[in-house]
Amino acid sequence: MPKVTVIIPNYNHGSYLRERIESVINQTFRDIELILIDDFSTDNSREIIQAYERHPLVRFVFYTDYNTGSPYSQWPVALKVANAEWIWVAESDDLAEPDFLEKLYSLALRDEKTSLVYCDSLISGGSGLNAFRKYSTLKNERYQVKKWDHYYQQDGKAELNECLKKDCTINNVSAVLFRKSWARDVMDNIDGFRFHGDWMFYICMAQKGQIVYIPEALNHYREHAANHSKAVTGDHFNKPECFRILDYLLKQPFINDKKQLIRHFTKEYIGFGFRKGKPFSSKGLYRLYRKINPVLARKVLLQLIKSKIFPG
């Protein structure tokens, strides 16, 4: 039985896919199995995957019959066939240092209450490992802290109230190793997500146990035009997902400062103009919010009105 299952979900990342697969099969930690899933790519991805189908580390290959439009739709499929207790979703356009798994897996085993382990990431442009930013630097500057300069282990609920409820501070799923048995319990919560399923996933997993962070940048996130997160999403896809996240958070009894959280989400993620976008039309944002939670939708509307009357 392998110790870690590595899942590589792919859609049209043929330019990066071979290098990504090689970065996984060349890990110093060898007790792994590899699952490759292609979401109906239209480039040369399938040809690249087929070249690895008989590799001894590859246990399962799956090609969808249509493009789902969501990278998260592939996660439950892979978790059902994964043999290992620890899961690494290695996104197909990212890269990892050779000792990524060796270091994160050793940390995962230290405490039976650990839900997930993640590391710092270098943000690079295009191919190769020519990094120009660290996620830790961006987060420390935003929150005016030094939290992500150091190793830490923290109760997940405390992590949520400190930062994770306000922003997806676990920035890149390729930098995360998580526990399968607990992840299976929360898959329903990310159903239907296209852009913020990772944030919702971390919120749910944080409630299961401990969050462990290592400040080494062992993951390399490629920032390019074809990133799913960089795609033109439109408010009607992006903002209702953030509204769903806020709705979920407000229903958790341990979440504090809920009024402030509504103000924060309204300002940063789910606000709308009263003229632009026609929010009160049949397909407008306010109508979409009401379908999720009409009471919360009214609170957001009231917050927007207050912000117009008392700006700043």
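Residues numbered from 1 in each chain as written. Predicted model: local features only at pLDDT ≥ 70, side-chain atom pairs only at ≥ 80, totals over all residues. Heavy atoms only, no water.

J.: Talk me through the pattern of salt bridges; I want residue IDs and the actual numbers.
T.: This model, assessed by the stated rule, comprises 12 salt bridges. Across the pair Arg-222 and Glu-19 runs a salt bridge, and its minimum N-O distance is 2.6 Å. In this pair, Arg-222 sits in strand β10 (residues 210-223) while Glu-19 sits in helix α1 (residues 14-25), placing the two residues 203 residues apart along the sequence. Residue Arg-222 is classed as buried on the basis of its relative accessible area of 1%. Residue Glu-19 is classed as partly exposed on the basis of its relative accessible area, which comes to 35%. Of the charged contacts, one joins Glu-33 and Arg-59 as a salt bridge, the two residues approaching to 2.7 Å between their closest N and O atoms. You can see Glu-33 sitting in strand β2 (residues 32-38) and its partner Arg-59 sitting in strand β3 (residues 58-63), a full 26 residues away along the chain. Since its relative accessible area comes to 40%, Arg-59 is described here as partly exposed. Each of Asp-99, Lys-103 and Glu-216 takes part in one network of salt bridges that share partners. (Salt bridge = Lys/Arg side-chain N within 4 Å of Asp/Glu carboxyl O. Helix = DSSP H or I, 4+ residues; strand = E, 2+ residues; numbered from the N terminus. Buried < 20%, exposed > 50% of the residue type's maximum accessible area, 1.4 Å probe, protein only.)

J.: Account for the pairing of strand β9 (residues 176-179), with residues named and values stated.
T.: Residue alternation in β9 divides its side chains into two sets, Val-176 and Phe-178 and Leu-177 and Arg-179, and both sets are buried. As defined by bridge partners, strand β4 (residues 86-89) adjoins β9 across two bridges and the pair is classed as antiparallel. In the strand pairing of β9, Ile-87 is matched with Phe-178. Here strand β6 (residues 114-125) pairs with β9 via three bridges, running antiparallel. Bridging from a neighbouring strand, Tyr-118 pairs with Val-176 of β9. (Pairing = 2+ DSSP bridges.)

J.: I'd like to hear about the side chain of Asn-293, residue by residue, with values.
T.: Relative to the elements of secondary structure, Asn-293 occurs in the loop between α11 (285-292) and α12 (294-309). At a separation of 3.1 Å, a polar atom in the side chain of Asn-293 contacts the main-chain amide nitrogen of Val-295. Ignoring anything within four residues of it in the chain, the contact list for Asn-293 reads Phe-243, Asp-247 and Lys-251. (Polar contact = N/O pair within 3.5 Å; in protein donor to acceptor, adjacent residues only side chain to side chain. Contact = heavy atoms within 4.5 Å.)

J.: Describe the nonpolar core, naming the residues involved and giving the relevant values.
T.: Membership of the largest hydrophobic core comes to 59 residues, with the highest contact counts inside it found for Leu-116, Tyr-118, Phe-178, Phe-201, Tyr-202, Phe-265 and Ile-270. Residue contributions to this core peak at eight residues, all from helix α8 (residues 197-206). Excluding residues within four positions of it along the chain, Tyr-202 makes contact with Leu-116, Leu-164, Cys-168, Ile-170, Asn-172, Val-173 and Val-176. Ile-32, Ala-108, Val-117 and Ala-175 belong to the second-largest nonpolar core, a separate cluster that totals 34 residues. (Core = buried A, V, L, I, M, F, W, Y, C linked by side-chain atoms within 4.5 Å.)

J.: Residue-level account of the side chain of Asp-167, with values.
T.: As for its placement among the helices and strands, Asp-167 is situated in the loop between α6 (156-164) and β9. With near-sequence residues (within four places) excluded, Asp-167 lies in contact with Arg-142, Tyr-143, Trp-199 and Tyr-269.

J.: Give me the packing of aromatic side chains: which residues, what numbers.
T.: Evaluated as defined, the whole model comprises 22 aromatic pairs. Aromatic pair Trp-75 and Phe-178: ring centres 6.4 Å apart, planes at 25 degrees, arrangement stacked. Taken together, the residues Trp-75 in helix α3 (residues 74-81) and Phe-178 in strand β9 connect sequence positions 103 residues apart. Each member of the pair, Trp-75 as well as Phe-178, is classed as buried. (Phe/Tyr/Trp six-rings, centres within 6.5 Å; stacked < 30°, edge-to-face > 60°.)

J.: Requested: an account of the packing of α11 against α12, with residues and values cited.
T.: The geometry of a pair of packed helices is captured by two quantities: the angle between their axes and the separation between those axes. Where α11 meets α12, the axes come as close as 6 Å, and the angle between the chain directions of the two elements is 140 degrees. Between α11 and α12, the angle is such that the two are oblique. Contacts between α11 and α12 involve Tyr-286, Tyr-289, Arg-290 and Ile-292 on the former and, on the latter, Pro-294, Ala-297, Arg-298 and Leu-301. Residues of the contact of α11 with α12, tallied by class, amount to six nonpolar, no polar and two charged. (Axes fitted to C-alpha atoms, helices over the stretch in contact; angles between N-to-C directions. Parallel < 35°, antiparallel > 145°, perpendicular 65-115°, else oblique. Nonpolar A, V, L, I, M, F, W, Y, C, P; charged D, E, K, R; others polar.)

J.: Any chance you could break down helix α10 (residues 258-270) for me, citing the residues and the numbers?
T.: Along its 13 residues, α10 runs just 15 Å from first to last C-alpha, ending more than 12% under the 18 Å computed at 1.5 Å per residue. When we look at burial in α10, the residues that qualify are Leu-261, Ile-262, His-264, Phe-265, Thr-266, Tyr-269 and Ile-270. For α10, the secondary structure elements touched by its buried residues are α5 (135-143), α8, α9 (235-250), α11 and α12. (Expected span 1.5 Å × (residues − 1).)

J.: So, α3: which residues are in play, and what are the values?
T.: Within α3, burial applies to Gln-74, Trp-75, Ala-78 and Leu-79. Relative to the axis of α3, the buried residues are bounded by an arc of 130 degrees and lie together on one face. Contact partners of the buried residues in α3: β1 (4-10), β2, β4, β9, α7 (180-183) and α8. (Arc of directions from axis to C-beta.)

J.: How would you sum up a nonpolar patch on the surface? Please name residues and give values.
T.: Residues Phe-274, Phe-280, Ile-305, Ile-309 and Phe-310 make up a contiguous nonpolar surface patch of roughly 490 Å² in combined accessible area. Relative to the helices and strands, Phe-274 is located in the loop between α10 and α11. Judged by its relative accessible area of 33%, Phe-274 falls in the partly exposed class. (Patch = residues over 30% accessible without salt bridge, like charges linked within 9 Å, V, L, I, M, F, W, Y side chains within 5 Å. Areas by Shrake-Rupley, 256 points an atom, 1.4 Å probe, with all protein chains shown as cover.)

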